[in-house]
Amino acid sequence: MRQLIALRKRHPVLARGDIEFLEPENPHVLAFVRQLDGETPFLCVANLSRLAQDVELDLRAFAQHTPVEAFGQTRFAQVGDGNYHLTLAPYGFFWFTLQPPAAQVGGSADLPTLAGNWAEVMRRRAPLGRALARWLPSRRWYAGKELRVREITIDDTIPLRHPDTDVALLIVRVSFTEGDDHRYTVPVMRAQARVANAISADTPSAVIAHLADGEALVDAMAHPEGAYAVVGAALSRRVATGRHGSLRGLPRRSRPAAPLGSPHDVHLMGVEQSNSSVLVGSAYIAKLVRRLEAGPNPDVELPAHLAAQGFDHVPGLVATASVELQDERAPADVVVVHDAIANDGDLWTWMLDELALEIEQTDTLDATKDSSAWLADVLGRRTAELHVALGTPGDDESMAPQAFTLLWQRSLLQTLRNGVRATQRAIRRAGLDVAEADALLRPVDDVLARFDRLRTEKLDARRIRVHGDLHLGQVLRTGNDITFIDFEGEPGQPIGERRLLRSPLTDLAGLVRSLDYAGRSAVDTAIARGLVADADVAELDDARDAWTTAMRRTMVDRYVTTIAPADLIPTARDDAELLLDVYALQKGLYEIRYELANRPAWVHWPLAAVGDMIRR
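Heads up: these notes are all about the structure in this document.

Describing the overall build of the protein
Piece 1. Of regular secondary structure, the protein possesses 16 helices and 25 strands.
Piece 2. Here the protein has a C-alpha radius of gyration of 28 Å; the compact-globule value for 616 residues is 25 Å, and the two agree.
Piece 3. Projected onto its principal axes, the C-alpha coordinates of the protein cover approximately 80 × 60 × 50 Å.
Piece 4. When contacts within the protein are restricted to residue pairs at least 6 apart in sequence, long-range pairs at least 24 apart make up 69% of them.
Piece 5. Looking at the protein as shown, the accessible area adds up to about 28600 Å², and 49% of this sits on carbon and sulfur atoms.
Piece 6. Treating the 69 positive side-chain charges of the protein as one cloud and the 84 negative ones as another, the clouds have centres 7 Å apart.

See the structure below:
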């Protein structure tokens, strides 16, 4: 009964919605639909008999909708064009929300309207939570797309200072039917009609709800005014308080940071990723951390540590803002501000341009070309220097390197074994019928045979803090040098896991895989553009393979030579190569699963690379 009452409170449609009784042929079943503007329709079906009943319902008006059982969030079969069939236990009942197909969600007409003034909108958490529940799943940074949502609630609402408009930071909790809750940062802004129309035209996905006065509730990071308030919270030492916690700004330098100026200094960065970033003038780049977790963010810890060790190929840390979380002892970093680095773009984009030009001019790829040789050399040298600095603890003993143990090596091998099995399942589910998958689909012990000595022979190696998600897109070209960025690690992993000590070869393996991707992408793009005759495709792919092998060799040689005095990787080159191959294979397996889920057309790239690794 308590669940029924709570459900009715959360869904106004159950109290005020229009009711339409259905007329099934089975007289023992009562069925009706309730609807209310701006709300998801509810279907209620009850068996009034002491015997089990079978019923068919005319739900053609809701064709393509998916009934989701309201208590357990179990998804039932989609409604088709004919009658909908259900079986009910004696005196049993179902309450369903009728979820529209994805193509119908997100349009302006589909958005809910929130009543009341700004203070009332922020105070009435139930309708605001329902609006967010419709909006959140479509966000690029929302990590629960494959999980079943049980409830979305607002833990806290923290008003932010802004002279001209209303801005607030929402801490949103998403509870699932299984697994731990997620917390997300959603800064919202009241947008006047003119601004709301502009945002709707440029970034329609940033509009969360209509307001009753004709204005709109929008994601504050989609407009300079809102982002200005968010960044300002970090650059000042002010404390903004909410109902349960507070947001505290913390400048990180002894000298004051340059003032923020005006919203005109804030430039939005159009690509939505796992977090939201803006450029502030030419001085700062500010990041809003979308998924909140208690504890220090690696993108705060590691650049600060590297700067203290004199490694200046990272952006300087300018300021942070942290927020208190309910039921957590430690605050969470929510805004991180770094120095903006003048650059010529990231190495991924730059390298693809270089390779495309080379293929267009010469019909081949050559690792001895100046641009390729420079890239392999500088990546190997600077990455080794990065790891030496990360392996120097300074005043922080938690950064001290730890020696490998047999237990750690066995854990690493088991993680790799789990990755092989998960990837094999993903390939079989996808029904791939390609020769490239044959090597990987062999028995797991055969796939991992060459790594078996990790179980019995302890390697002379150390574990340190690492970048954790290093690839060409995380490195900026700065003239004839490079700068490493985005130290938060793999955003899909919990912060505690991202802060684990690992072999520095984890990062080097990420670069090895990224170089392989760059070569394959350049060749496929050239073929798609018609720059390569069909008869020359095989020859170009052989040249690409030779280029990748030579680039890997040059980069790894430079890396090993530079890092050797620090004793962080095995002194025996065969041991170092074996460990590098472990991490490269682990990364390749992840890439296969990612591409199958997100970009199936690309899956042949990591499949081919993993097959080569296994056969080597």
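Some remarks on the sheet that holds strand E14 (residues 239-241)
Piece 1. Pairing within the open sheet is antiparallel, and its 7 strands lie in the order E14-E15-E20-E21-E18-E17-E16. Pairing within the sheet leaves two strands with one partner each, and these edge strands are E14 and strand E16 (266-268). The mean angle between the axes of side-by-side strands here comes to 20°, regardless of whether they run parallel or antiparallel.
Piece 2. Strand direction decides the pairing type here: strand E17 (residues 276-280) and strand E18 (residues 284-288), joined by 5 bridges, are antiparallel. The residue of E18 that forms the bridge with serine 276 is leucine 288.
Piece 3. Together, E18, strand E20 (317-323) and strand E21 (332-339) form the strand contacts of helix H7 (residues 298-308), whose direction differs from that of E21 by roughly 40°.

Some words on the side chain of asparagine 26
Piece 1. The residue asparagine 26 is located in the loop between strand E1 (18-21) and strand E2 (29-35) in this model.
Piece 2. On the basis of relative accessibility, which here comes to 14%, the residue asparagine 26 falls in the buried class.
Piece 3. A distance of 2.9 Å separates the side chain of asparagine 26 from the side chain of glutamine 53, its partner in a polar contact.

Cut-offs used in this document
Residue positions are counted from 1 within each chain, in the order its sequence is given. Two thresholds apply to this predicted model, a pLDDT of at least 70 for residue-level local features and 80 or more for giving and counting side-chain atom pairs, whereas whole-chain, interface and lining totals are computed over all residues. To get the side-chain values, all heavy atoms of the structure are used, and hydrogens and water are removed first. For helices the rule is a DSSP run of H or I covering at least 4 residues; for strands it is a run of E covering at least 2, with both sets numbered from the N terminus onward. Within these notes, the globule rule equals 2.2 Å times the number of residues to the 0.38 power, and the radius of gyration is based on C-alpha atoms. Contacts between residues were defined by any pair of non-hydrogen atoms, one from each residue, lying within 4.5 Å. Per-residue and other accessible areas were derived by the Shrake-Rupley procedure at a 1.4 Å probe size, with only the shown protein chains allowed to occlude residues. The charged-residue count follows a simple rule in which Lys and Arg add positive charge and Asp and Glu add negative charge, with His and chain termini not counted at all. Lys charges are placed at NZ, Arg charges at CZ, Asp charges at CG and Glu charges at CD. In this scheme, strands are said to pair when DSSP sees at least two bridges between them. Lines fitted to C-alpha atoms define the axes here, with helix axes fitted over just the stretch in contact, and angles between the N-to-C directions of these axes take values from 0 to 180 degrees. Residue burial is assigned from relative accessible area. The probe radius is 1.4 Å, only protein chains are included, and a residue is buried under 20% of its type maximum, exposed over 50%, and partly exposed in between. Under this definition, polar contacts are N or O atom pairs within 3.5 Å; protein pairs additionally need one hydrogen-donor-capable and one acceptor-capable atom, and for neighbouring residues in sequence, both atoms have to be side-chain atoms.

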